[in-house]
Amino acid sequence: MFPEVFFFKSLAFFLYQLILGKLTTTRILNRSGGNVGAHANFIKYQRLHSLAHRQDLHDQTIVFDVEGALLRSCSLFPYFMLVAFEAGGLMRALLLLMTYPFLGFCDAELGLEIMVMVCFFGLKKESFRVGSAVLPKFLLEDVGLEGFEMVRKRGGKRVGVSGLPQVMVESFLRDYLEVDMVVGRELKVVCGYYVGLMERRRRSVVDELEEMFGKETSSLCGLIGINSYKKSLQHDPLFSRCKELYLVSKSDDRTWHHLPRENDPKPLIFHDGRLALKPTPITALAIFIWLPFGICLALLRAIIGIFLPFNLSTALLAFSGLHFTVSLPTTLNKTNTNIDNNHTKPKRTKGLLYVCNHRTLLDPLYLSFSLKRNFTAVTYSLSWVSEILSPIKTVRLTRNRDKDAATMEKLLQQGDLVICPEGTTCREPFLLRFSPLFSEMSNEVIPVALEAHVGMFYGTTAGGLKCFDPLFFFMNPNPRYRLKLLEKMVLSSGVCNNYANSECHESEKTIRFDRANYVQKEIGKALGFECTRLTRKDKYLILAGNEGIASNRN
């Protein structure tokens, strides 16, 4: 954790204790209490660890409680705060934080209804994408390895039961944990808008299971349940049908480990939202305390970067908390790259083409600051605000291949050019497919590997306003950037032999793709990132439900 984040969390915790004293809210925000004695004569109860030794569950249906048997955290508040902040805005998130102290005086159901009302009232159902674009990242980080292994590696079909609204957990369970059926709470909708109320009456869970299994009574009678000791099982229409019920104790989930990234059934490549850390009550309070200071700091950093010369601005930005690491190739001074001002070297008639992976909108700026030179950067969908404030020249491409090729060729005749062929940013350690257009512009390119880390806010967005991306990045107490300049590559036809061997195609139609893939592979190797074939269009269809065409409002 960044030192500044730790400081503000500590300050927030002090204020929290000072104001609230010993007030606790475990009754509402934690899993509700209950007993299992009423069903002890009908259901076989066992501890969860005994399930690990079962080898006869390949044709059984596992029914598990999401909060009690899968997630490590006992608090639901952070997930509602994410909905309030990302879908409702700053004021709604502040309102939810202000209601937190009073939730301790409510019972479990009433407290849940209050949070649902605050977070969902007035949100448009059609445009609500927090459940699929934001929450999966934080829910995956909260999954316990032991609980996941019991749910994922045992049984045939899997049914996830949650006390949260279904729109918050369905995408996480279906898309990333490959759960066959999700049973959550339904929200009331009027004229296409959520009214902040949960449906009192809903279809019977048993009816839904019968529809899923085609009314096969043998499947319904052979359910294996996984639940928590704290969950009340009295009059439960689903878990009361389980022939066996495995219970997770409080000591069990306290000792669970985080689910490693490599164990995810489906890798999380795309996610959206501004918050980079889980907004627990203390963390959320720390964020609101930091916001006024962060906005002032972001504006100061922007002014320094725009108006001051490289030598002075670099030192001042480092003093303000920006961490910037540059790694240059060992043969930099021996190659004819003309990066320095040595006039004895032969003059070039064409500028150099710098090919970067894309982490934030500031990628070309960091390259410019590291080499202390002004470049021209071509962009696909930069907001007009960012274009006006950019310290370096930017030229927007049209996505028309012939027009863009002519534009880039003209710019290269005028000087050095920077391009991010991924076409959009990616936050996780993956590289999207490189557009091959750059490989046709020049046979010589200089790959640039970039990596960015933030502590509070992400400086990228798919569904929000892109003009605020630099502001959010600079609002972090000490964001970190790592830039590694690789050796100049000569993209001759022989480069395919180094890249794909038997898969190489020397035809004019495919050689440009082989060159682009080769550069992508080398940048991925330098960063330790995985190369994918996903594109910009794939990202925006997943996160925003569109193809990512920039609008005037950005």
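What counts, and where the lines are drawn
- Residues numbered from 1 in each chain as written.
- Predicted model: local features only at pLDDT ≥ 70, side-chain atom pairs only at ≥ 80, totals over all residues.
- Heavy atoms only, no water.
- Helix = DSSP H or I, 4+ residues; strand = E, 2+ residues; numbered from the N terminus.
- Buried < 20%, exposed > 50% of the residue type's maximum accessible area, 1.4 Å probe, protein only.
- UniProt positions renumbered as here; feature names shortened; annotations may be inferred.
- Phe/Tyr/Trp six-rings, centres within 6.5 Å; stacked < 30°, edge-to-face > 60°.
- Lys NZ or Arg CZ within 6 Å of the ring centre and 35° of its normal.
- Arc of directions from axis to C-beta.
- Contact = heavy atoms within 4.5 Å.
- Pairing = 2+ DSSP bridges.
- Right-handed = clockwise from strand over helix to strand, strands pointing away.
- Salt bridge = Lys/Arg side-chain N within 4 Å of Asp/Glu carboxyl O.
- Patch = residues over 30% accessible without salt bridge, like charges linked within 9 Å, V, L, I, M, F, W, Y side chains within 5 Å.
- Areas by Shrake-Rupley, 256 points an atom, 1.4 Å probe, with all protein chains shown as cover.

A. Broad picture of unusual backbone geometry. For Lys372, which is not glycine, the phi dihedral falls at a positive 55 degrees. Relative to the elements of secondary structure, Lys372 occurs in the loop between helix H16 (363–371) and strand E11 (376–379). Here Lys372 falls in the partly exposed class, since its relative accessible area comes to 43%. In this structure, Arg399 takes a positive phi of about 70 degrees despite not being glycine.

B. Local environment of the UniProt feature "transmembrane region" (unreviewed entry) in the protein chain. The feature "transmembrane region" (unreviewed entry), as given by UniProt, occupies residues 284–310 in the numbering adopted here. Each end of residues 284–310 is marked by a C-alpha atom, and these two atoms are 36 Å apart; helix forms 93% of the span and strand 0%.

C. Quick look at the packing of aromatic side chains. Per the stated rule, a full pass over the model turns up 13 aromatic pairs. Ring centres 5.0 Å apart and planes at 70 degrees place the aromatic pair Tyr354 and Phe375 in the edge-to-face group. Highlighted residues: Tyr354 in strand E10 (residues 353–356) and Phe375 in the loop between H16 and E11, separated in sequence by 21 residues. When sorted by exposure, Tyr354 lands in the same class as Phe375, which is buried. Ring centres of Phe434 and Phe438 lie 6.4 Å apart, and the angle between their planes is 75 degrees; on these two criteria the pair is classed as edge-to-face. Judged by relative accessible area, which is 0%, Phe438 ranks as buried. Within the aromatic cluster, the residues linked to one another by ring pairs are Phe324, Tyr366, Phe473, Phe474 and Tyr481. Over the face of the ring belonging to Phe138 we find Lys137, whose NZ or CZ atom lies 4.3 Å from the ring centre. Residue placement shows Arg427 over the ring face of Tyr458; its charged tip is 3.9 Å from the ring centre.

D. Broad picture of helix H15 (residues 310–319). Those residues of H15 not exposed but buried are Phe310, Ser313 and Leu317. Viewed along the axis of H15, the buried residues span an arc of 70 degrees, placing them on a single side of the element. Exposed positions of H15 whose direction lies more than 90 degrees from the buried face are Asn311 and Phe319. Buried positions along H15 lie against helix H14 (281–307) and H16. Positive phi appears at Gly321, one or two residues downstream of H15, with a value of about 115 degrees.

E. Just the pairing of strand E12 (residues 393–396), in detail. Relative to E12, E11 is paired through four bridges, and the arrangement is parallel. The partner of Val378 across the bridge, within E12, is Val395. Regarding topology, helix H17 (residues 384–389) serves as the crossover connection from E11 to the parallel E12, and that connection is right-handed.

F. Geometry of the pattern of salt bridges. Across all of its chains, the model carries 14 salt bridges by this definition. Residues Glu109 and Arg185 are paired through a salt bridge, measuring 2.9 Å at the closest nitrogen-oxygen approach. Taken together, the positions of Glu109 in helix H6 (residues 108–120) and Arg185 in strand E4 (residues 181–185) put the pair 76 residues apart, joining distant regions of the chain. We note a salt bridge from Asp416 to Arg373, for which the minimum N-O separation is 2.5 Å. Placement of Asp416 in the loop between helix H18 (401–414) and strand E13 (417–419) and of Arg373 in the loop between H16 and E11 is noted, with a sequence separation of 43 residues between them.

G. Representation of a nonpolar patch on the surface. Taken together, the side chains of Ile303, Ile306, Phe307, Trp384, Ile388 and Leu389 present a nonpolar region at the surface, about 650 Å² in accessible area. Contributing elements (two or more residues each) for the nonpolar patch: H14 and H17.

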